[in-house]
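Residues per chain are reported as follows:
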Amino acid sequence: MILLDSTHFNDIRSAIRSRPVAWDALARSAEISELDASTAKTLESILVKHANEPTSSVDPNFKINEQTIAPLIHLLSSANNSDAKKSVQNLIAELLSSERFSGDTIDFFIKNPKKVKELFDVSLVGDRQTVLISSFNLVTLLIQPKLMNKKLVSQLVNSENFLNILNNLDLMDTCYVCIRLLQELASLEPYRSMIWESHKKYLPTLFVIIKRALEPTTRIVATNSNNLGIQLQYYSLLLIWLLTFDRNIAFELTQFYLQDFLNLLKLVKVTIKEKISRICISIILQCTSSGVKSHKKVIKNLLLLGNALPVLQSLSERKYSDEELRDDMATLKEILEKEYQELTSFDEYVAELDSKLLCWSPSHVDNGFWSDNIDKFKSQNWKLFRQLISVLIEAKESDLNDKQHKTILEVALSDITHVIELLPESTHVLNESNGKVVIMELLNHPDPRVKYEALKATQSVIGYTFK
């Protein structure tokens, strides 16, 4: 059964069990109907108060049928009492996780699939605990082969209440529950594309969790495999790994989240957990598979932007006990070495430009590179040069002001200067692309190195304008 490893989730349910609801009083005050109250009271008696008693002690007339489930859904749709609704969601969770009744409960929903939609419509509302328990109920049903429903999965993944819990990293215990539920859904191939469609709403949070291990002040060094931080990291990676079985998702992951993808190798380098290393390498292998669109470009990015070969060489010296991990690392190393032999300095440059992660790699400061490749910046109506100007403009308009962001501005300005000096006619492209205005504005940048490169570019533009 899903989520039995979450102590926090089990504690929530245990606390709800220990707070009985006054069903008769609620019925007398007409807050809920007598039928709804009677059904909830009966279930509470069987599932909570006498849960540990032998099966023979249960009323032989008790069955999971319309008379059992319909009143629970009606109560959830009609009652205003939040404790009653939370208790009912928990009673449904008890039915779904009970060895005695789970089979019959799931069979009922299979025979009455419209009831799943009715339950969905009254779930994912209320306080955090109620949303978590109702999410558990829905996922438990939706992973059943005969109850699969892509539309409902899409609605769940887009639920604001569900996402608010998942994205709240101040409450790691509840974030963990949501990630585990998504992971259960992603284990089923038909759901992966539905989950991925909403990736912008939750994937950045997963990468924040993963990236925490790379920060010196928060690096996870615990040796306890049950450490929540490590478990949260592992299941975030597991969810991504499951999604990348879809080749379209594997392609798009490296397009939308290239830097985060490259960080997976850094994580392997710093983690002490082999299960973390294994799944990071597995994700990389999925995304570099020959069946994935632009997989060679991804391999080049690993080589040129991720420094992958030296990292793997360093890792190969470790004595990993996991044979699968050793085999996967050897496979990845072989893939990278094969591609590395075909690389040129121009490939490196284009990979950087495509990634928009410009850095002071050798090609930018090598005059030989510029004289050998300058005509390529002019071809296809100045395609490469226009791309370079676009990177500069995008970086300038960004709110970021960190070291990497400043480096991108410096390198882009320096490259533009090289192009103008070797191809003076490029100034008309610079003007029509609004690049000249951006360069002039960067003369006022607070960072002296950015200001210096902007001054050099400005002097080149002005020099050739008046020749």
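Residues numbered from 1 in each chain as written. Predicted model: local features only at pLDDT ≥ 70, side-chain atom pairs only at ≥ 80, totals over all residues. Heavy atoms only, no water.

If you check an unreviewed UniProt entry, the chain appears there as V-type proton ATPase subunit H from Zygotorulaspora mrakii. You can read under Subunit (unreviewed entry) in the UniProt record for the chain the words "V-ATPase is a heteromultimeric enzyme made up of two complexes: the ATP-hydrolytic V1 complex and the proton translocation V0 complex." (UniProt positions renumbered as here; feature names shortened; annotations may be inferred.)

A.B. asks: How should I be thinking about the layout of surface pockets in this particular structure?
C.D. replies: To find leftover empty space, one rolls a probe the size of a water molecule over the atoms. Here the largest pocket defines a volume of roughly 1,200 Å³. Gln259, Ser355, Lys356, Leu357 and Gln404 are the residues nearest the centre of the largest pocket, which is lined by 39 residues in total. Looking at the lining of the largest pocket, the elements that each hand over two or more residues are helix 15 (247–256), helix 16 (258–270), helix 18 (295–304), helix 21 (345–355), helix 23 (367–397) and helix 24 (403–422). Ranked by residue count, the leading element in the lining of the largest pocket is helix 16, at eight residues. When grouped by side-chain class, the residues that make up the lining of the largest pocket number 18 nonpolar, twelve polar and nine charged. (1 Å grid on protein atoms, 1.4 Å probe; cavity = no way out; pocket = protein on both sides within 12 Å on 5 of 7 lines; lining within 4 Å. Points joined across faces, edges and corners; volume = space filled by probe spheres on them. Helix = DSSP H or I, 4+ residues; strand = E, 2+ residues; numbered from the N terminus. Nonpolar A, V, L, I, M, F, W, Y, C, P; charged D, E, K, R; others polar.)

A.B. asks: What is the right way to look at the packing of helix 9 (residues 150–157) against helix 12 (residues 189–196) in this model?
C.D. replies: Relative orientation and spacing of two packed helices are given, respectively, by the angle between their axes and the distance between those axes. The geometry of helix 9 relative to helix 12 is characterised by a closest axis approach of 9 Å and an angle of 40° between their N-to-C directions. Crossing angle aside, the handedness with which helix 9 passes helix 12 is right-handed. Here Lys150, Val153, Ser154 and Val157 of helix 9 come into contact with helix 12, specifically with Pro190, Tyr191, Met194 and Ile195. Here the residues of the contact of helix 9 with helix 12 are counted per class, giving six nonpolar, one polar and one charged. (Axes fitted to C-alpha atoms, helices over the stretch in contact; angles between N-to-C directions. Left-handed = near helix turned anticlockwise from the far one by under 90°. Contact = heavy atoms within 4.5 Å.)

A.B. asks: Got a minute to help me understand unusual backbone geometry in this structure?
C.D. replies: As a rule of thumb, non-glycine residues mostly have phi less than zero, and peptide bonds are mostly trans rather than cis. Positioned with a positive phi, Ser294 is a non-glycine residue whose angle comes to about 60°. Note on placement: Ser294 falls in the loop between helix 17 (274–287) and helix 18. Even without being glycine, Lys356 reaches a positive phi, approximately 65°. Turning to its location among the elements, Lys356 is positioned in the loop between helix 21 and helix 22 (362–365). By relative accessible area, Lys356 is classed as partly exposed at 37%. (Buried < 20%, exposed > 50% of the residue type's maximum accessible area, 1.4 Å probe, protein only.)

A.B. asks: Explain the side chain of Thr174 to me, please; I cannot follow it from the model alone.
C.D. replies: Here Thr174 is to be found in helix 11 (residues 172–186). Judged by relative accessible area, which is 5%, Thr174 ranks as buried. Dropping the residues within four chain positions of it, Thr174 is found in contact with His8, Arg128, Leu132 and Ile165.

A.B. asks: Whenever I open this one, the environment of Leu312 confuses me. Can you help?
C.D. replies: Looking at the secondary structure, you find Leu312 in helix 19 (residues 308–315). Residue classification places Leu312 among the buried residues on the basis of a relative accessible area of 1%. The spatial distance from the C-alpha of Leu312 to the C-alpha of Ser135 is 40 Å, given a sequence separation of 177 residues. Here Leu312 is in contact with Leu265, Met329, Leu332, Lys333 and Leu336, once residues within four sequence places are set aside.

A.B. asks: Before we go on, may I ask you to explain the nonpolar core in this structure?
C.D. replies: Of all hydrophobic cores here, the largest spans 123 residues; its most connected members are Trp23, Tyr202, Leu253 and Phe261. In this structure, Val391, Leu409, Ala412 and Val438 belong to the second largest nonpolar core, which totals 35 residues. (Core = buried A, V, L, I, M, F, W, Y, C linked by side-chain atoms within 4.5 Å.)

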